[in-house]
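Coordinate analysis (summary)
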Amino acid sequence: MAAENIPAHALVTTDFPLQPSNEVLNLLFEHMLNGISFCQMIFDGDKPCDWVYLYTNPAFHAQTHLGPVVGCRASQVFPNLQDMDPATLESFGRVSRTREPENIEIYFGSLGEWFSASVFSPLPGYYINVFDVVTERKQTEATLKQALADAYRHQFRVEVLSMLYATLSAVNSAIIHSESEDHLFRAICSAAVRRGGFDCAWVGWADWDAGRVDMLAVEGEREEILRQKVGRMRLHDSSDTNLGLAVEALRSGNIQIQNDTETPPELRIKHTGATVASYAAIPVKRFGTTCAVLGLMSARPNFFTDETVFLAEEIGRDISFALSNFERERQRKIVTDKLARSDLRLRLSLDFAGIGTKEINLRTRRVWLDATAARIIGLGNKALEISLEDYLRQVWPGMTVEEVEKDIPTLLSSESPEYQHENSISLLDGSLRWIRSRGGHVVGNPAAGDDPILLSVMVDVTESHAQAEREHLAMEMFANSSQPIAILDANRRFVMVNQAFLHLTGYGQDEFLGAGPELLQSDRHPEAFYRSLWESLLCNSHWQGEMWKQGKDGKIFSALVSISVVRNDEGAVTHYVEQCTDISQQKQFEERITYLAYRDSLTDLPNRVLLRDRAEQAMAMAHREKLPLALLFIDLDQFKRINDTLGHAVGDRLLREVAWRLSLAVRETDTVGRLGGDEFLILLPGADAEAAEAVAQKILKSLPESFPVDGHELSTTPSIGISMYPRDGTSFDELLKTADTAMYRAKDQGRNGCCFYAPEMNEAVSRRVILERSLRRALEAGEFELFYQPQYGIDGHRLVGAEALIRWREPSQGYISPGVFIPVAEESSLIETIGAWVLDEACRQARVWRDMGYSGLSISVNFSARQFAAKGAVDNFDQVLARHGLPGDALEVEITESLLVNPGYAIGVLCALRERGIHVAVDDFGTGYSSLAYLKRYPINRLKIDQSFVRELDADAVDRAIVAAVVTLGHSLGMKVIAEGVETGRQLNILRELGCDEVQGYHLGRPMPAADFTALLARAG
């Protein structure tokens, strides 16, 4: 076809001659075996729509069998060009535009040939197609592909059958091992997915009444989606394209299959995000009724063939068989449970009633007993079978087997009478038990070969016998009880009284019978009292209270009466039971108790309760009459030391003596009372300040006068605080508080004095409270430390020991003097805790110095009477010494003479200390109860001369004589003597002349911290 026939708008150019550059190129094209065509591409806009042949070589025509085509359009050469694969036309156009070569395969339907072409572009809009015929190769490939497809289908069939057989086998295994439907369904779904290769398996249960399907088990990915879909299923609607087959299978009772190979993928059943090509809904039946559906899903198309459908139906039949068996087993269990419950109810009824059953095999002479019967006759708590001989030996020791056998023919006859008897047996533990038996019924037909069984029951009637015995004992107890008891009938007439009641009232038995309670009434109660008594009794069925009764002799006595009502089953009153106790003596005791409730048991003085009552009455009168009133608060000075050293018995006698002397110092209208401990109060109604001070001065003179107590001449001094009404308080508590505050001021002023309350005293009390609180905090915060004062030999150069002295470094105030805080510690009982800390810290430091090589150094620690008397004092020494690894001789305990006046406990503790090697020194010797007897009796190592004798040693001949006597006394008893308070060289020389052994004081060394004392040790060598 001529080129001029091509529309101008579709051509880029038509005058492009093929002019090879030389003859070699022409020869190459002409003789190539591959077909070659040189073409110009025709575009409709940007879309390729046709091409024009510009050049073809001979091989082109040989391979395509086409005539001349140069200058012709492809649409003219190939009338069916529009059927060409659009991708092929697009490839030619793409090469002519981009000039990027491509290799493509082309099928020309009009030629019936396949071509393999290499396409490239020498110029824009043109391309050269070099091709070869590959039809034969493509046919060979198609043949091979068909063979592979046939092999795949065969393999697929084998795999599908294997999967279903594996599933069937697993289902049968699950049926064997499953205990319930739920367990079976879960096992089936698991087997179908894990062994059968299905993508998903699920079981739904048809609830026909509710018209829905309940998911029972599911296995596979994204199970939740399937649960939601099944939850929306309705048995009356099978339109759901996803699970409609399941509904149809349930409704029809037939298996439903879908092999969805022709349906486009987007319309196929979707599950778990992947295409499910094959789906089987298998109905499951129970006794022929469809009750469930098993869904099996696979992504493989054409999964279910005739063979696989048969296997799937077989799975359904096996599951149906299993469900029927489960239901049969369930029904069987229901019947069994009913029988068991019936038997249990009978057994519980018998057990509750305490009835045991017994069976005697008349042929084998064996006896079977249930658990209750075995328990009744003492053979344990379990059912058992024993021989008739053993049974008779336990229950009827006097009866033999032969005697029983003589009655067997009668028992087997239809006229066998029912028997009942009661007898007692002795159990193995020796206890006696009463048994009532009843029986005589024989079951089993010997003519038919059955063993005749004699049935009987037994019950333990021991309690009935015991009840009868108790009733008999109750009557005996009633008659012989020491508690007076009377029984009245419903008409309130005596029907029975015991001997105690007769003895209490003086009447005889005959005098009571038929009489009423008015027989014992006294004139101390009005008629209204008795009327109220009986009304209350009928209402509450019980009355108890005190009552005055009159005996036959006319004597009136106080009685505690308790009356109870006895009613029958209908609630009607049948009897009254009266118990009566003579409480005349108890009333006297109550009066005594009331007296003691307001009195101090030790001194017989009014206690705090009575003091408060009298003070409130006195203040009310003072307020009405505009009269003065004074309250004295008295505390005995150093009483705790006497109590701790001489013992509580001596302290109690001293308190009674103080109470007597205080009572002598006041008027009859005044009140002396004891608060507790060593604290007394005196209430002075109508007394002004002058009168109150006069009473206080009288007390200050009378108490210090000594008086003998258990061989001791004792005296005590009082500290008295005075508060005035209404100036210092308008209530008892306020007056007590202000008087207490004034008393502490008297103590602060030196004791043995009196002081009136003043408002500024509260500040001093507050300081004392703050100081005590600070002491407790100091213990917890570790604010205490020990200073050590050196002790020297009499030469003043040889260091022999150190006295440990406590110091308190308060963070805000610096060092606080022991003279300030030690008295507060003693009064608040903190001294024991502080003393324990001092002992432990001193021993710890002694251990440090010993480790440094100073092993000959002895540490002295002061010990108070309270610490010495504390429980476990010796054990505390043992624990501290052991904790720090110290021997006893590394420690010296300094005690005061006041400890030595109570030999009851002091000698035991001191001897225990000596056994441990601990030295004992008597501190401040000569200032207290110095006694040669004490020194001789106690294991004391050293006497310590008080500094009051050393202070004036060079000027006072008496002090020198006292020191000389102490030194002589100590040496004669084998003790060392040390003097404290040595402040001058003159004092040291005199002590040396008098023979004193050791000294300490500011002249030789002040108390110093442990670090400074360590430096002193180093200098001393």
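Residues numbered from 1 in each chain as written. Predicted model: local features only at pLDDT ≥ 70, side-chain atom pairs only at ≥ 80, totals over all residues. Heavy atoms only, no water.

1. Describing the overall build of the protein
Counting its regular elements, the protein contains 34 helices and 40 strands. Counting only residues that meet the buried cut, the protein has 44% of its 1021 residues in that class. Across the protein, every contact between residues at least 6 apart in sequence was considered, and the portion connecting residues at least 24 apart equals 56%. (Helix = DSSP H or I, 4+ residues; strand = E, 2+ residues; numbered from the N terminus. Buried < 20%, exposed > 50% of the residue type's maximum accessible area, 1.4 Å probe, protein only. Contact = heavy atoms within 4.5 Å.)

2. Let's talk about the pairing of strand β11 (residues 278-286)
By the criterion of burial, β11 is predominantly enclosed, with 7 of the 9 residues buried. Relative to β11, strand β8 (residues 256-259) runs antiparallel, the two being bridged by 4 bridges. The partner of Q258 across the bridge, within β11, is Y279. Both β11 and strand β12 (residues 289-298) contribute to a ladder of 9 bridges, which runs antiparallel. Bridging across to β12, R286 finds its partner in T289. If you look at the hairpin formed by β11 and β12, you'll find 2 residues sitting between the two strands, and F287 has a positive phi there, around 55°. (Pairing = 2+ DSSP bridges.)

3. A closer look at the nonpolar core
Of all hydrophobic cores here, the largest spans 74 residues; its most connected members are Y788, I859, I945, L991 and F1013. For this core, the element with the most residues is helix α26 (residues 831-851), which contributes 8 residues. Those residues in contact with F1013 that lie beyond four places of it in its chain are Y788, Q789, P790, L799, G801, A802, W849, L857 and M1008. (Core = buried A, V, L, I, M, F, W, Y, C linked by side-chain atoms within 4.5 Å.)

4. What about the sheet that holds strand β19 (residues 485-489)?
Pairing in this open sheet of 5 strands is antiparallel, and the strands run β20-β19-β23-β22-β21 from one edge to the other. For this open sheet the edge positions go to β20 (494-497) and β21 (542-550), each flanked by a neighbour on one side alone. Averaged over all adjacent pairs, the angle separating strand axes in this sheet is 25°, with direction ignored. In terms of strand pairing, β19 meets β20 through 3 bridges, oriented antiparallel. Note on β20: the bridge partner recorded for A486 is V497. Helix-sheet contacts for helix α17 (residues 527-540) involve β21, β22 (556-567) and β23 (573-582), and the interaxial angle to β21 is about 155°. (Axes fitted to C-alpha atoms, helices over the stretch in contact; angles between N-to-C directions.)

5. Section: helix α34 (residues 1010-1020)
Every buried residue of α34 is accounted for by A1010, F1013, T1014, L1016 and L1017. The buried residues of α34 occupy an angular sector of 160° when projected down its axis, which confines them to one face. Opposite its buried face, α34 presents the exposed residues A1011, A1018 and R1019, each directed more than 90 degrees away. Of the surrounding elements, those touching the buried residues of α34 are β31 (784-793), β32 (799-810), α26 and β40 (1008-1009). (Arc of directions from axis to C-beta.)

6. Focus: the environment of G196
Within the secondary structure layout, G196 lies in the loop between α6 (181-194) and β6 (200-207). Assessed through its relative accessible area of 0%, G196 is described here as buried. Sequence spacing of G196 and Y165 is 31 residues, and the spatial spacing of their C-alpha atoms is 7.9 Å. If we skip the residues at most four places from it in the chain, G196 touches M163, T167 and A191.

7. A few points about the state of the cysteines
What we call a disulfide is simply a covalent bond connecting the sulfur atoms of a pair of cysteines. Tallied over the entire structure, the rule returns 0 disulfides. This cysteine, C754, is not joined by any disulfide, and C755 carries the nearest cysteine sulfur, 7.5 Å off. (Disulfide = S-S within 2.5 Å.)

8. Considerations on the packing of aromatic side chains
Under the counting rule described, the total for this entry stands at 25 aromatic pairs. For the pair F784 and W837, a centre-to-centre distance of 6.2 Å together with 50° between the ring planes defines the contact as tilted. Within this pair, whereas F784 is found in strand β31, its partner W837 is found in helix α26, the two being separated by 53 residues in sequence. When the ring of F863 is compared with that of F877, the centres are 5.2 Å apart and the planes differ by 35°; the resulting orientation is tilted. Of this pair, F863 sits in the loop between β34 (858-862) and α27 (865-869) while F877 sits in helix α28 (residues 873-884), and the two are 14 residues apart along the sequence. Put simply, the rings of W51, Y53, F60, F92, F115, Y127 and F131 touch in pairs and so form one group of aromatic residues. Cation over ring: K138 sits above W114, and NZ or CZ is 4.5 Å from the ring centre. A cation over a ring is seen here: R524 above W548, with NZ or CZ 4.4 Å from the ring centre. (Phe/Tyr/Trp six-rings, centres within 6.5 Å; stacked < 30°, edge-to-face > 60°. Lys NZ or Arg CZ within 6 Å of the ring centre and 35° of its normal.)

9. Observations regarding a nonpolar patch on the surface
Judged by side-chain polarity, M475, V495 and M496 come together as a nonpolar surface patch covering roughly 230 Å² of accessible area. Along the chain, M475 turns up in helix α14 (residues 462-480). Look at M475 and you get partly exposed, because its relative accessible area is 45%. (Patch = residues over 30% accessible without salt bridge, like charges linked within 9 Å, V, L, I, M, F, W, Y side chains within 5 Å. Areas by Shrake-Rupley, 256 points an atom, 1.4 Å probe, with all protein chains shown as cover. Salt bridge = Lys/Arg side-chain N within 4 Å of Asp/Glu carboxyl O.)

10. Some remarks on the pairing of β23
Here β19 runs beside β23; their pairing, made up of 5 bridges, is antiparallel. Following the sheet pairing, A486 is matched in β23 by E578. Taken together, the 9 bridges between β22 and β23 define a ladder with antiparallel strand orientation. Its bridge partner lying in β23, S564 is registered against V577.

11. Examining helix α11 (residues 388-395)
Among the residues of α11, those classed as buried are L388, Y391, L392, Q394 and V395. For α11, the angular spread of buried residues about the axis comes to 165°, placing them on one side.

12. Overview of the confidence of the model for the protein
Fine structural detail should not be taken from predicted coordinates in areas where pLDDT scores are low. Looking at the protein as a whole, the pLDDT averages 82, with 87% of positions reaching at least 70. Under a pLDDT of 50 for its full length, residues 266-274 has, in the predicted model, 25 contacts with residues more than four places off or in other chains. (pLDDT = per-residue confidence, 0-100.)

13. A look at the packing of helix α19 (residues 608-625) against helix α23 (residues 732-748)
Where α19 contacts α23, the two axes come as close as 10 Å, and the packing angle between them is 110°. Taken together, α19 and α23 sit at an angle that is classed as roughly perpendicular. Here R608, L611, R612, A615 and M619 of α19 come into contact with α23, specifically with F732, D733, L735 and L736. Broken down by class, the residue content of the contact of α19 with α23 amounts to 6 nonpolar, no polar and 3 charged. (Parallel < 35°, antiparallel > 145°, perpendicular 65-115°, else oblique. Nonpolar A, V, L, I, M, F, W, Y, C, P; charged D, E, K, R; others polar.)

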